[in-house]
Amino acid sequence: MKEMTKKQMADAASRHWNGDGNPLGANSEIARKLKQYYDELVSDHVPDRFAQLLSQLEQTEPAQKKD
Amino acid sequence: MAAVSQSFKTELLGAIPSLRAFAVSLTQNADRADDLVQETLVKAWDKHESFQPGTNLKAWLFTILRNEFYSQMRKRGREVQDSDGIMTARLAVHPAQHGQLDLKDFRGALEQLPEDQREAIILIGASGFSYEEAAEICGCAVGTIKSRVSRARARLQEILKISGEDEFGPDAISAQVTGSNAA
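Keep in mind that this is a model prediction, so the values were computed, not measured.

Criteria and thresholds
Residues numbered from 1 in each chain as written. Chains lettered and ligands numbered in written order. Predicted model: local features only at pLDDT ≥ 70, side-chain atom pairs only at ≥ 80, totals over all residues. UniProt positions renumbered as here; feature names shortened; annotations may be inferred. Helix = DSSP H or I, 4+ residues; strand = E, 2+ residues; numbered from the N terminus. Domains from an automatic or database assignment. Contact = placed C-beta atoms within 7 Å. Nonpolar A, V, L, I, M, F, W, Y, C, P; charged D, E, K, R; others polar. Axes fitted to C-alpha atoms, helices over the stretch in contact; angles between N-to-C directions. Parallel < 35°, antiparallel > 145°, perpendicular 65-115°, else oblique. Left-handed = near helix turned anticlockwise from the far one by under 90°.

A. A look at the UniProt feature "domain: RNA polymerase sigma factor 70 region 4 type" (unreviewed entry) in chain B. The UniProt record annotates "domain: RNA polymerase sigma factor 70 region 4 type" (unreviewed entry) at residues 106-156 of chain B. Regarding residues 106-156 of chain B, the helix share stands at 78% and the strand share at 0%, and the terminal C-alpha atoms are separated by 8 Å.

Written out as structure tokens, the structure is:
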């Protein structure tokens, strides 16, 4: 409420939360493309390096904080 | 220093796809994104004790990743910041035909947004965070997030030349952001 009046807040809220609860508008092409863009990234194959990294971190415990 | 619990590790592993998606959204570069995720995991591991069990781990990790991203940006001197639409100006996207917007065009448009707007619209419109959580992650007011999302949306519509989106039915948001008589 620091930067917006109550009316602005209410307007913003009604603007963002229409449709089925999607802040960008349920029917919006942009909302759908955004989801599509992001879902594609999320479903991308995760390289092994991350699991390996976590195993390494686990093995070096307790952390010595040398580097 | 207490040992990192198995469940913490499992949750970290589970969060990696989301972290990578957010990182790509921020950096627009797959290699930089993966380096950023790696850095985030190491940091999260080191400071696991500061995570409050029961709170949102994903939001906590996104916060770390975002901080790391901006600190790297500062070091690099913000070489890729698109300040006044220079990149936007040379982006020639043909008008979307009846909403059949190509994902490649969309990606290109997203890339033209200033980082603060891009991250806001991603956190709210794609990652599934609430305005409150997004504000927490970005360290700003809820109202700031709302206005960034609004501007991001307007900017995307402008770049992609989507005006009314009439064919999808009445849309109060479009009418608002295009500023007039979409209906």
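After that view, the rundown keeps rolling.
B. Focus on the domain arrangement of chain B. Residue and element names in this part refer to chain B. Taken domain by domain, chain B comprises domain 1 (7-80) and domain 2 (82-183). Between domain 1 and domain 2, the residue contacts involve 10 residues of the former and 11 residues of the latter. Taken together, the elements giving at least two residues each to the side of domain 1 that touches domain 2 come down to α1 (6-27) and α3 (57-76). Residues belonging to the side of domain 1 that touches domain 2 are distributed by class as follows: four nonpolar, five polar and one charged.

C. Representation of the packing of helix α2 (residues 29-42) of chain A against α1(B) in the model. Interhelical geometry of α2(A) versus α1(B) gives an angle of 125 degrees and a closest axis separation of 8 Å. On the basis of their axis angle, the class for α2(A) and α1(B) is oblique. By crossing handedness, the relation of α2(A) to α1(B) is classed as right-handed. Residues Y38(A), L41(A) and V42(A) of α2(A) lie in contact with α1(B), whose contacting residues are P17(B), S18(B), R20(B), A21(B) and V24(B).

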